[in-house]
Amino acid sequence: MEAKAAASSTFKIVHAVCSHDCPDSCAVLVTVDSTGRAVKVQGDPSQPVTQGFLCGKVAKYLDRVYSPDRVLFPMKRKPGVAKGPLPRGSEKKVFERISWEAALDEISGRLREVAQRFGPETVLPYSYAGNMGLLGFGSMDRRFFHRFGASQLARTICSEAGGVAWNLVYGKKLGTPTEDFRHARLVIAWGANIHGNNIHLWPMIEDARRNGGRLIVIDPYRTRTAGLADWHIAIRPGTDTALALGMMHVILREGLEDAAFVAERTHGFERLAERAKEYTPDRVANWTGMTPGEVEQLAREYATAQPAAIRLNYGVQRAEFGGTAVRTIAMLPALTGAWRYRGGGAVLSTSGGFSWDKEAIERPDLAWSSPLKRPARVVNMSALGEALTTLGERPEDGPRVHALFVYNSNPGAVAPNHNAVRRGLERTDLFTVVHEQFFTDTTDYADYVLPATTFLEHTDLQGAYGHYFVQLSQQAIEPVGEARSNVWLFSQLAQRMGFTEPCFLDGAEEMVAQALALDAAGYSTNYGMEHIALEDLKRKGHVPLGFHRDIEHSPFLPYTQGTLATPSGKIEFCSETLASQGLDPLPHFEPATESRWGASASTYPLEFLGRKADHYMNSTFANLDGHRRMEAQTSQRLEMHPADAAARGISDGDRVRIWNDRGEICLTAKVPATEPSSVPQGVVAGRLDWAKLHPEGVNQNVLTSERLTDLGKGATFYSVLVEVARA
Ligand SMILES: Nc1nc2c(c(=O)[nH]1)N[C@H]1C(S)=C(S)[C@@H](COP(=O)(O)OP(=O)(O)OC[C@H]3O[C@@H](n4cnc5c(=O)[nH]c(N)nc54)[C@H](O)[C@@H]3O)O[C@H]1N2
Ligand SMILES: Nc1nc2c(c(=O)[nH]1)N[C@H]1C(S)=C(S)[C@@H](COP(=O)(O)OP(=O)(O)OC[C@H]3O[C@@H](n4cnc5c(=O)[nH]c(N)nc54)[C@H](O)[C@@H]3O)O[C@H]1N2
Ligand code: SF4
Ligand SMILES: [Mo]
């Protein structure tokens, strides 16, 4: 016994947080041995959402941290070597190792030169949520680029359409707590791939079902969640607004609304009711591919099962009119009063619960000290191809981009309209720096590649978009190789640029304190975080937000009390904000240009869903053999309905060519011999992968477009038309 205790004492357990772009933001316990090597990662059993387990992707995390393929040192492109896709493992032929000192000196020198010749706005930072830590996502980097005067990036690629839409209705992104889904009598997963992307919600749904609750999935694709549902509605892509309005039509026709809640808490009901009259079940059925009876059944079941919770995830808003779709669906629980009940309501994101001191960590005020003496122009990340190829042609857009600084993102794989992005990245006059953990599709175009730490190798603070816990992620191991954190990198660059503001010397600890706005006693002064002490975070790793501290006795029922952060102070069915922009203040259905009902329907007949992989995280993990094996059944496949395949003489396993005006790719057809098919007729689906792991050096984003969403100017990955033929 004693020997065992002695041996175990040579291990330490460190509280970390998974920083990948996932709603679950798991609390991770990292076991580190006496040599400083991490030997185990596990989910923290004491965190009520993590519940002691990690997803399959991160359960294997040490394969990633200690992968022989990691970028370990700063690397510089050898003179004269052209930019473009590199076979895996051939990086050493293209890049040579240099010291951090040399890399930082040379990069800051080049950025200064670009700024002097063309103006600071010709430098474009490009980052997203490869790291969702508060500091890793946006802190020292923002300070640096504001002070530099670099273009600002509108980070729209994922959630902006839905976020803007939700806020039009509710003013703030709050929603049903994940833990409370276990109390629901009905759960609707609406454009939400719970098994693939949000696995920690699943145990709550299982609990709900054990208590007699039902699960309905509304998704054109038959996800694993859909396969397990009581009812899977394989709605046609981009028609959710029509369905939600049709449900309202039935609810109001049959008097199933919660009149008291509507009167007390909402604005614009009469006008919405007028609008909903137009959306008869017959019309809605025609658009959505449902029967009128199904529209009625869904409406009745939703309005009469209380509590009813909608897990509205980000799938719906990746369509051309996806903002309106989210906005319309978001109104449903206000109409039925579902917010009144614990386990009722809806959740798109919980991120509005976290009141970090963002001004302190991002310092937007530094823009006034930049050479521009003003905030720089804004470039939309969802149109990167345009930003790198045509931006600058019209004077009103500002200058052409001359330098690109990429971190926390792999635009060479994830950005829409891959061929345009690639033309941009190949420009010989574009100076590109990439801070990365691996040699990705983007590092293939870099002049410099800098090694980045993983969440085991740096300290950070984190909120979540799927729960209400503040978490501290403590550095568990020394950086692998010469990897350095984002905070360190931009602090070093700032010093080389001669930025003398003291904030550029801050390290992670100082910035954690700033984000929490700690008082002298070590407690946060942020709204809703006043009970959170840094010491508690260090000890436990996670502390719930104030309104979520005692949900057993005082459940959190969002939007049921007080004045909301909308213009009317109420839940808004009708938006004067939209009206003042010349837009329809009420929701209405409009088919996407690239859809079977849209203007381009005659050009290409099939709706293409360029989906995510269940075992990767966007493009992250796609290069690891263990993860590729888990994804083998769907990787580089095109899933087709048997009728669409037969009409084209395509059989399961055939090589097929998929194309539209933007590009083409060959994949292997996956056609089920019998129903159920994973996709309805008229819809085909693929999965995101690294371009350079495909024989043609491309991925499915050759098909997706840079057209933007109706609200928030987000990406429209799911509004794409294609044709398919045997290769
Ligand atoms: N395993 C895994 N987990 C992930 C990710 C990953 O790549 N892999 N990515 C992470 C990221 S960045 C995010 S943003 C979240 C997103 O997680 P989700 O919000 O679940 O987003 P998606 O997977 O894009 O879309 C969800 C579902 O919407 C469906 N869908 C597509 N079009 C429509 C439509 O018009 N109507 C309806 N009703 N449904 C539609 C898709 O078929 C898909 O199954 O997941 C995160 N978690
Ligand atoms: N076809 C299609 N395209 C899509 C989507 C889709 O569903 N279909 N989904 C879209 C969505 S929702 C999103 S959110 C985007 C996501 O796009 P990205 O944000 O680019 O996400 P990832 O592909 O996960 O790439 C993140 C990269 O950041 C790196 N990284 C991780 N941590 C750090 C760090 O601390 N420092 C630095 N410097 N780097 C780090 C990782 O190694 C990884 O290569 O993709 C979008 N693209
Ligand atoms: S990717 Fe999501 S589910 Fe997996 S460990 Fe990270 S936070 Fe948890
Ligand atoms: Mo995302």
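These numbers come from a predicted model, not from an experiment.

Conventions adopted
- Residues numbered from 1 in each chain as written.
- Chains lettered and ligands numbered in written order.
- Predicted model: local features only at pLDDT ≥ 70, side-chain atom pairs only at ≥ 80, totals over all residues.
- Heavy atoms only, no water.
- Helix = DSSP H or I, 4+ residues; strand = E, 2+ residues; numbered from the N terminus.
- Contact = heavy atoms within 4.5 Å.
- Areas by Shrake-Rupley, 256 points an atom, 1.4 Å probe, with all protein chains shown as cover.
- Lys, Arg positive; Asp, Glu negative; His and termini not counted.
- Charge placed at Lys NZ, Arg CZ, Asp CG, Glu CD.
- Pairing = 2+ DSSP bridges.
- Axes fitted to C-alpha atoms, helices over the stretch in contact; angles between N-to-C directions.
- Domains from an automatic or database assignment.
- Near = heavy atom within 4 Å.
- Polar contact = N/O pair within 3.5 Å; in protein donor to acceptor, adjacent residues only side chain to side chain.
- 1 Å grid on protein atoms, 1.4 Å probe; cavity = no way out; pocket = protein on both sides within 12 Å on 5 of 7 lines; lining within 4 Å.
- Points joined across faces, edges and corners; volume = space filled by probe spheres on them.
- Nonpolar A, V, L, I, M, F, W, Y, C, P; charged D, E, K, R; others polar.
- Expected span 1.5 Å × (residues − 1).
- Buried < 20%, exposed > 50% of the residue type's maximum accessible area, 1.4 Å probe, protein only.
- pLDDT = per-residue confidence, 0-100.
- Salt bridge = Lys/Arg side-chain N within 4 Å of Asp/Glu carboxyl O.

Regarding the overall build of the protein
Moving on, step 1. What the protein contains, in helices and strands, is 27 helices and 27 strands.
Moving on, step 2. If you line up the protein on its principal axes, its C-alpha atoms span 70 × 65 × 60 Å.
Moving on, step 3. Sequence-distant contacts, at least 24 apart, represent 75% of the contacts inside the protein between residues at least 6 apart.
Moving on, step 4. If you sum the accessible surface of the protein, you get close to 26,000 Å²; carbon and sulfur atoms cover 51% of it.
Moving on, step 5. For the protein, the centre of its 78 positive side-chain charges and the centre of its 84 negative side-chain charges are spaced 3 Å apart.

Observations concerning the sheet that holds strand β8 (residues 186–190)
Moving on, step 1. Judged by pairing direction, the sheet is parallel, and its five strands sit side by side in the order β10-β9-β8-β12-β13 without closing on themselves. For this open sheet the edge positions go to β10 (231–233) and β13 (345–347), each flanked by a neighbour on one side alone. Ignoring which end each strand starts from, the neighbouring axes of this sheet average 15° apart.
Moving on, step 2. Strand direction decides the pairing type here: strand β12 (residues 308–312) and β13, joined by three bridges, are parallel. Paired with Ala309 across the two strands is Gly345, which belongs to β13.
Moving on, step 3. Seen against the sheet, helix α17 (residues 322–336) touches β8, β12 and β13 and runs at an angle of roughly 165° to β12.

Observations regarding the domain arrangement of the protein
Moving on, step 1. On domain assignment, one finds that the protein holds domain 1 (75–154 + 358–454 + 483–533), domain 2 (176–348 + 558–580) and domain 3 (599–726).
Moving on, step 2. The gap between the C-alpha centroids of domain 1 and domain 2 is 38 Å.

Some details on the site of ligand 2
Moving on, step 1. Around ligand 2 sit 33 residues in total, of which Glu436, Asn486, Gly610, Ser619 and Thr620 are the nearest.
Moving on, step 2. Here an oxygen atom of ligand 2 and a side-chain polar atom of Asn131 are 2.9 Å apart.
Moving on, step 3. The separation between an oxygen atom of ligand 2 and a polar side-chain atom of Ser409 is 2.8 Å.
Moving on, step 4. Contact with the protein chains covers 98% of the free accessible surface of ligand 2, which is 920 Å².

So, the sheet that holds strand β19 (residues 469–473)
Moving on, step 1. Read across the sheet, three strands follow the order β18-β19-β20 without closing on themselves; strand pairing throughout is antiparallel. The strands lining the two open edges of the sheet, one partner per strand, are β18 (460–462) and β20 (542–544). Recorded for the sheet is a direction-independent mean angle of 15° between the axes of neighbouring strands.
Moving on, step 2. Summarising the sheet, β19 and β20 pair through three bridges and their orientation is antiparallel. Bridging from a neighbouring strand, Phe469 pairs with Pro544 of β20.

Quick look at the layout of surface pockets
Moving on, step 1. Here the largest pocket is characterised by a volume of approximately 790 Å³.
Moving on, step 2. Forming the boundary of the largest pocket are 30 residues, of which Phe137, Ser159, Lys173, Ser351 and Lys358 lie nearest the centre.
Moving on, step 3. Listing elements by their share of the lining of the largest pocket, those giving two or more residues are α6 (134–137), α8 (160–170), α18 (358–362) and β18.
Moving on, step 4. Of all the elements, α8 adds the most residues to the lining of the largest pocket, at four residues.
Moving on, step 5. Considered class by class, the residues forming the lining of the largest pocket number 13 nonpolar, ten polar and seven charged.
Moving on, step 6. For the second largest pocket, the calculated volume is near 470 Å³.
Moving on, step 7. Classifying every residue of the lining of the second largest pocket gives 14 nonpolar, eight polar and one charged.
Moving on, step 8. Taken domain by domain, the lining of the second largest pocket gets at least three of its residues from each of domain 1 (75–154 + 358–454 + 483–533) and domain 2 (176–348 + 558–580).

Quick word on helix α12 (residues 240–253)
Each turn of an α-helix holds 3.6 residues, which means side chains three or four residues apart point in the same direction.
Moving on, step 1. Compared with the 20 Å implied by 1.5 Å per residue over 14 residues, the 20 Å span of α12 between its first and last C-alpha is a close match.
Moving on, step 2. Across the 14 residues that make up α12, a large majority, 13, are buried.

Quick look at the environment of Leu186
Moving on, step 1. When you line up the elements, Leu186 lands in strand β8.
Moving on, step 2. Dropping the residues within four chain positions of it, Leu186 is found in contact with Arg214, Ile216, Glu301, Tyr302, Ala305, Pro307, Ala308 and Ala309.

Digging into the confidence of the model for the protein
Moving on, step 1. Taken as a whole, the protein shows an average pLDDT of 97; of its residues, 99% reach a score of 70 or greater.
Moving on, step 2. Within the model, the stretch residues 1–6 combines pLDDT values under 50 with zero contacts to residues more than four positions away or in other chains.

A short note on the pattern of salt bridges
Proximity of charged atoms lets side chains of opposite charge pair with each other.
Moving on, step 1. Using the criterion set out here, one finds 43 salt bridges in the structure.
Moving on, step 2. With a closest N to O distance of 2.6 Å, Arg214 and Glu301 form a salt bridge. Of this pair, Arg214 sits in strand β9 (residues 214–218) while Glu301 is found in helix α16 (residues 292–304), placing the two residues 87 residues apart along the sequence.
Moving on, step 3. The class for Glu301 is buried, based on a relative accessible area of 16%.
Moving on, step 4. A salt bridge links Arg687 to Asp614; the nearest nitrogen and oxygen atoms lie 3.7 Å apart. A residue pair is termed long-range when its members are at least 10 positions apart, and Arg687 in strand β26 (residues 683–687) and Asp614 in the loop between β22 (606–611) and α26 (625–630) qualify at 73 residues. Comparing Arg687 with Asp614 shows no difference in burial state: the two are buried.
Moving on, step 5. Each of Arg253, Glu254, Glu296 and Arg300 takes part in one network of salt bridges that share partners.

Focus: the environment of Asn701
Moving on, step 1. Examined against the element boundaries, Asn701 turns out to sit in the loop between β26 and β27 (721–726).
Moving on, step 2. Expressed as a C-alpha distance, the spacing of Asn701 and Glu664, which sit 37 residues apart in the sequence, is 9.4 Å.
Moving on, step 3. Apart from the residues lying within four places of it in its own chain, the contact partners of Asn701 are Ala413, Val414, Ala415, Pro416, Asn417, His418, Leu688 and Phe717.

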